Amino acid sequence: MTPTTSDLHPTLRPMYETVLRRNPGESEFHQAAHEVFESLSPVVAKRPEYVQASIIERICEPERQIIFRVPWVDDAGKVQINRGFRVEFNSALGPYKGGLRFHPSVLLGTVKFLGFEQIFKNALTGLPIGGGKGGSDFDPKGRSDGEVMRFCQSFMTELYRHLGEYTDVPAGDIGVGGREIGYLFGQYKRITNRYEAGVLTGKGLSWGGSQVRTEATGYGLVYFVDEMLRAQQTSFEGKKVVISGSGNVAIYAAEKVAQLAGTVVAMSDSGGYVVDENGMDLEVMKDLKEIRRGRISEYAEGREARYLEGGTIWDVPCDIALPCATQNELDETHAATLVKNGVRIVAEGANMPTTQAGTRALREAGVQFAPGKAANAGGVATSALEMQQNASRDSWSFETTDARLRDIMQGIYGSCMMTAEEYGMPGDVIAGANIAGFTQVADAMLSQGVI
Ligand code: NDP
Ligand code: 2IT
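Residues numbered from 1 in each chain as written. Chains lettered and ligands numbered in written order. Predicted model: local features only at pLDDT ≥ 70, side-chain atom pairs only at ≥ 80, totals over all residues. Heavy atoms only, no water.

Looking at this structure, I do not really get the sheet that holds strand β1 (residues 64–73). What am I missing?
Strand-to-strand pairing in sheets goes through backbone hydrogen bonds, with the strands running parallel or antiparallel. The five strands lie next to each other as β1-β2-β4-β3-β5, forming an open sheet whose pairing is mixed. Of all strands in the sheet, those bounded by a partner on one side alone are β1 and β5 (168–171). The mean angle between the axes of side-by-side strands here comes to 20°, regardless of whether they run parallel or antiparallel. When strand β3 (residues 96–102) meets strand β4 (residues 130–136), the two strands line up parallel, connected through five bridges. Among the inter-strand pairings, Leu100 is bridged to a residue of β4, identified as Gly134. Here helix α6 (residues 108–124) sits on the sheet and contacts β1, β2 (79–90), β3 and β4; the angle it forms with β4, its principal contact strand, is near 155°. Against the sheet, helix α7 (residues 145–159) engages β1, β2, β3 and β4, with an angle of about 140° to β1. (Pairing = 2+ DSSP bridges. Helix = DSSP H or I, 4+ residues; strand = E, 2+ residues; numbered from the N terminus. Axes fitted to C-alpha atoms, helices over the stretch in contact; angles between N-to-C directions. Contact = heavy atoms within 4.5 Å.)

Teacher, can you tell me more about the pairing of β2 here?
Along any regular strand the residues' side chains alternate between the sheet's two faces. As defined by bridge partners, β1 adjoins β2 across 10 bridges and the pair is classed as antiparallel. Paired with Trp72 across the bridge in β2 is Gln80. In this structure, the hairpin formed by β1 and β2 is closed by a connection of five residues, where Gly77 is found at a positive phi of approximately 90°. Note that β2 and β4 share six bridges and pair antiparallel. By the bridge assignment, Gly84 is partnered in β4 with Ser136.

What's the story with the pairing of strand β7 (residues 263–269) in this structure? I'm lost.
Of all seven residues in β7, six are buried, a share of seventy percent or more. Here strand β6 (residues 240–244) runs beside β7; their pairing, made up of three bridges, is parallel. Looking across to β7, one finds that Lys240 is bridged to Thr263. In the classification by handedness, the crossover that spans β6, the intervening helix α10 (residues 248–259) and the parallel β7 is right-handed. In the sheet, β7 pairs with strand β8 (residues 272–275) via four bridges, with the strands oriented antiparallel. The partner of Ser268 across the bridge, within β8, is Tyr273. Hairpin connection of β7 to β8: two residues between the antiparallel strands. (Buried < 20%, exposed > 50% of the residue type's maximum accessible area, 1.4 Å probe, protein only. Right-handed = clockwise from strand over helix to strand, strands pointing away.)

Looking at this model, I keep getting lost on unusual backbone geometry. Mind explaining?
Comment: phi is negative for the bulk of residues other than glycine, and the bulk of peptide bonds are trans. Notably, Asn193 is not glycine yet its phi reads approximately 55°, a positive angle. Summarising the element assignment, Asn193 is placed in the loop between α8 (178–192) and α9 (213–231). Exposure remark for Asn193: the relative accessible area of 70% places this residue in the exposed category. Backbone geometry at Gln233 places phi at a positive 55°, although glycine is not the residue there. Within the secondary structure, Gln233 sits in the loop between α9 and β6. With a relative accessible area of 72%, Gln233 lands in the exposed category.

What am I meant to see in the site of ligand 2 here?
Around ligand 2, a shell composed of 14 residues is seen, among which Lys97, Gln118, Lys121, Lys133 and Ser383 lie nearest. Contacts to ligand 2 include Lys133, whose side-chain N or O atom sits 2.9 Å from an oxygen atom. Within the side chain of Asn351, a nitrogen or oxygen atom sits 3.0 Å from an oxygen atom of ligand 2. Taking 290 Å² as the accessible area of ligand 2 by itself, protein coverage stands at 93%. When residues of the shell around ligand 2 are traced back to their parent elements, those giving at least two are β3, α6 and α15 (378–391). For the shell around ligand 2, the class distribution of residues is two nonpolar, seven polar and five charged. (Near = heavy atom within 4 Å. Polar contact = N/O pair within 3.5 Å; in protein donor to acceptor, adjacent residues only side chain to side chain. Areas by Shrake-Rupley, 256 points an atom, 1.4 Å probe, with all protein chains shown as cover. Nonpolar A, V, L, I, M, F, W, Y, C, P; charged D, E, K, R; others polar.)

Can you walk me through α6 in this structure?
In a regular helix each residue adds 1.5 Å, so 17 residues correspond to 24 Å; α6 covers 25 Å between its end C-alpha atoms and thus fits that length. The element α6 is extensively covered by neighbouring structure, given that 17 of its 17 residues are classed as buried. (Expected span 1.5 Å × (residues − 1).)

Just checking my understanding: could you explain the packing of helix α2 (residues 27–39) against α6 for this structure?
The axes of two packed helices give the description: the angle between them and the distance between them. Direction vectors running N to C along α2 and α6 enclose 25°, while the axes themselves pass 7 Å from each other. Taken together, the axis directions place α2 and α6 in an arrangement best described as roughly parallel. Judged by the twist between their axes, the crossing of α2 over α6 is left-handed. Within the contact between the two elements, α2 uses Glu28, Phe29, Ala32, Ala33 and Val36 and α6 uses Gly109, Thr110, Lys112, Phe113, Phe116, Glu117 and Phe120. For the contact of α2 with α6, a count of residues per class yields seven nonpolar, two polar and three charged. (Parallel < 35°, antiparallel > 145°, perpendicular 65-115°, else oblique. Left-handed = near helix turned anticlockwise from the far one by under 90°.)

What should I look at first to understand the site of ligand 1 in this one?
Taken together, the neighbourhood of ligand 1 is formed by 25 residues, with Lys141, Asp173, Ser270, Arg295 and Asn351 sitting nearest. Contacts to ligand 1 include Arg295, whose side-chain N or O atom sits 2.6 Å from an oxygen atom. One nitrogen or oxygen atom from the side chain of Asn351 is found 2.8 Å from an oxygen atom belonging to ligand 1. Of all the elements in the fold, those that place two or more residues in the shell around ligand 1 are α9, α10 and β7. Residue composition of the shell around ligand 1, grouped by class: five nonpolar, 13 polar and seven charged.

Can you walk me through the nonpolar core in this structure?
A general tendency of soluble globular proteins is for nonpolar side chains to be buried together. By size, the foremost hydrophobic cluster in this structure holds 59 residues, and its most contacted members are Phe224, Ile243, Met267, Leu322 and Ile412. Ranked by the residues each element gives to this core, the list is headed by α9, at nine residues. Ignoring anything within four residues of it in the chain, the contact list for Phe224 reads Ala370, Ala374, Ala375, Met409, Ile412, Tyr413 and Val429. Leu40, Leu108, Ala442 and Met445 belong to the second-largest nonpolar core, a separate cluster that totals 39 residues. (Core = buried A, V, L, I, M, F, W, Y, C linked by side-chain atoms within 4.5 Å.)

Here you go:
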């Protein structure tokens, strides 16, 4: 649902109306923009130079949007057509950086919302990366490796001309993991005849990948929540945690929760969810999801775990909820159930998984809330560390990289809290994240002139 202008600062209203007019029907992008605009009232009051230079209007307009046809041949010999996208949103802080999503739901507006979020997230990492996102409505589910490879090769045959280690550096997102990054990198290398390792991140460890990149988003999310818990003199120990999704982010969030002595009692996929009160067995989950690419229902077969088809995972009582599947998966009804069952913290591993009404309901009930652009920034931060290693032809140990990730997440938490305080909203992680990310980018844009 597209949010309205009425609750925005008068200076921001016409800017938001322009976003609505220029991007008709793109409700996810409208929502992502509205969420940032809601935090910017104190900024327009304090920093009139941003208004004079139309920084906000410029940030809302992508620098470049690429849409292309992706033809490929399936195993039956039939030609299939998909649509490819790359939205190069903002390069004030560095080359465009952000993942590729392969999912049948992907439209231009999806990629725009993700690219917009990515600008501020990447700024929060403190590393030199701009914001971008891409993807396709290709559905890898049920496709053979050969089909996925042919699709990736065709996708890269068009996209390669827009990429480069100093230009635009994609990575994974939903439906794009190590297998897809391998095929994409192979085709880029073949077309350009360059071993340009820094053009993609999430690569395999033997060919330019970084330790901890696979784990980084989930681990980083849990490091962020750990900071929130420490601020209240508590920890994960003995806490019940519910994690939606069972993909890259969810699995490694679960792994880190277990390492910190929390218990992950439920996980899900798009078919349903499993509840395992003893704590999820992550070796079984990894084998099921990373190797066999199966359905989560199979987890419960022959175990003391319950599988519930459909329904909602947010019915499962917990202390901490980590939505790690997809956008708008947690609405105000789910929020009410979580609150009734005693949830204390909700932290977003996915991008924009909570609806605006859901977020409001949680905050009004006093639940601590961490927005994705801060809490899930560990993935892209470790991608930037992968780029650093590629640029220096070096590779760091797991421990070194993990310690850098932990430092970065602590830094993001600190800068959100400090910024919220500075702008008169102490303790508000949403305002802190939006303002800290925005001002970084806005200051760089001011310095770089009208471009
Ligand atoms: P994966 O493809 O590895 O896993 C996605 C998981 O979410 C699967 O369990 C999938 O279930 C479920 N899911 C996806 N779409 C839907 C849907 N429409 N309805 C219900 N369930 C769905 O993706 P990731 O783990 O990489 O990404 C998860 C989220 O985290 C996304 O929002 C992504 O943008 C965000 N993110 C990812 C980062 C990364 O480094 N990978 C970094 C920061 C954020 P099923 O298999 O049944 O489709
Ligand atoms: O949403 C995200 O931050 C990602 N999908 C990771 C992007 C990246 O470039 O590592």
